[in-house]
Amino acid sequence: MPGGASRFACEDRSPPVSYRLTHLDALEAEGVHIIREVAAEFERPVLLFSGGKDSIVMLHLALKAFAPCPPPFPILHVDTGHNFPEVVEFRDRRAAEAGVQLLVASVQESIAAGRVVEETGPRASRNRLQTTTLLDAIDKYRFDAVLGGARRDEEKARAKERVFSFRDEFGQWDPKNQRPELWSLYNGRHRHGQHIRVFPLSNWTELDVWQYIADQHIELPALYYAHRRSVFERDGMLLGVTDFLTLLDGEEPFEETVRFRTIGDATGTGAVRSTAANAHEVVAEIAATRITERGATRADDRVSEAGMEDRKREGYF
């Protein structure tokens, strides 16, 4: 052959391989990495699971992190007793499908045991009572790492959190005493009785979560999509009519097409008017809004400017 070229040589016409990740791929990879770090560094981790969209995405990432095996830790729901029935049904079914152990810490049991005192009155909520119930569960099961679905874009206090957030022997958080996380290196060192809160979704936004849900075809409780519901207006929010809420003078229930952007205790979680019936329509809706999900729909975040930070200092998630 001329020039000594092999007669078997041929020109490679295959397209170049691209290893560029989309922003969702990068967020997923980061979340999986953090969850695997927790499994490697800690003896008794647990994943908080409420049946809300963020905890559902967390469980989805955990299942990917250890596939084909189930995650090597249980999931824990701090149940106020005032949850939407649809969410509790979804919680139980999803845990069974995923093959993970579901633990339930009951606020009602904390009240019955005298550990907390229930608020009274038409605006009473069990939201703040969850802190004691959570800390009791952490102590009972000796959890040393608690994976939560909080994101920095949700609220100002949560924006201060590191991915690995240290808690002392009393479950308290000091925002001025946090560890550096240069080059995504996480320090899980702690003494007996202390624990670390871990937030794999820290760098996600609400829009990222919904785009990921749409991309991965993740099932959610039907409350997240537009449906007809009996609601009433209080303090600028649409609250669902439930057995847990007492209507005040002048409050009248009416039917409205709504969905929930965030799901928590039914007594303090508001709905928004919406016609978004699937994840792609929710993505378009979220992309156009300028109001944060908690700012628009969570009564407990309106207590004071520093309301969330005060609760987090006490041990709230």
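Refer to the preceding data block for the structure.
Since this is a predicted model, take the numbers as computed values, not measurements.

Cut-offs applied
Residues numbered from 1 in each chain as written. Predicted model: local features only at pLDDT ≥ 70, side-chain atom pairs only at ≥ 80, totals over all residues. Heavy atoms only, no water. Patch = residues over 30% accessible without salt bridge, like charges linked within 9 Å, V, L, I, M, F, W, Y side chains within 5 Å. Areas by Shrake-Rupley, 256 points an atom, 1.4 Å probe, with all protein chains shown as cover. Salt bridge = Lys/Arg side-chain N within 4 Å of Asp/Glu carboxyl O. Helix = DSSP H or I, 4+ residues; strand = E, 2+ residues; numbered from the N terminus. Axes fitted to C-alpha atoms, helices over the stretch in contact; angles between N-to-C directions. Parallel < 35°, antiparallel > 145°, perpendicular 65-115°, else oblique. Left-handed = near helix turned anticlockwise from the far one by under 90°. Contact = heavy atoms within 4.5 Å. Nonpolar A, V, L, I, M, F, W, Y, C, P; charged D, E, K, R; others polar. Pairing = 2+ DSSP bridges.

S.K.: It is not clear to me how a nonpolar patch on the surface should be interpreted in this structure. Could you clarify?
M.R.: A cluster of nonpolar side chains, contributed by Leu-182, Trp-183 and Leu-185, occupies part of the molecular surface with about 430 Å² of accessible area. With respect to the helices and strands, the residue Leu-182 is situated in the loop between strand S5 (164-167) and strand S6 (195-198).

S.K.: Could you clarify how one ought to interpret the packing of helix H7 (residues 206-216) against helix H8 (residues 279-288) in this entry?
M.R.: Two measures define how a pair of helices packs: the angle their axes make with one another and the distance between the axes. Interaxial distance between H7 and H8 falls to 9 Å at its minimum, and their mutual angle equals 165°. Taken together, H7 and H8 sit at an angle that is classed as roughly antiparallel. Crossing of H7 against H8: the hand is left-handed. For the pair H7 and H8, the contacting residues are Glu-206, Leu-207, Trp-210, Gln-211, Ile-213 and Ala-214 in the first and Ala-279, His-280, Val-282, Val-283, Ile-286 and Ala-287 in the second. Its residues assigned to classes, the contact of H7 with H8 shows 9 nonpolar, 2 polar and 1 charged.

S.K.: How should I be thinking about the sheet that holds strand S4 (residues 145-147) in this particular structure?
M.R.: By way of backbone hydrogen bonds, the strands of a sheet pair with one another, either parallel or antiparallel. Taken together, the 6 strands give an open sheet; going across it, the order is S3-S2-S1-S4-S6-S5, and neighbouring strands pair in mixed fashion. Strand pairing shows two members of the sheet lacking a second neighbour, strand S3 (102-106) and S5, which therefore form its edges. With strand direction ignored, the average angle separating the axes of adjacent strands in the sheet is 30°. Bridge count between strand S2 (residues 75-79) and S3: 5 bridges; the pairing is parallel. Pairing of Asp-79 across the sheet is with Ser-106, part of S3. Where helix H5 (residues 130-141) meets the sheet, its contacts fall on strand S1 (45-48), S2, S3, S4 and S6, and the angle it forms with S2 comes to roughly 145°.

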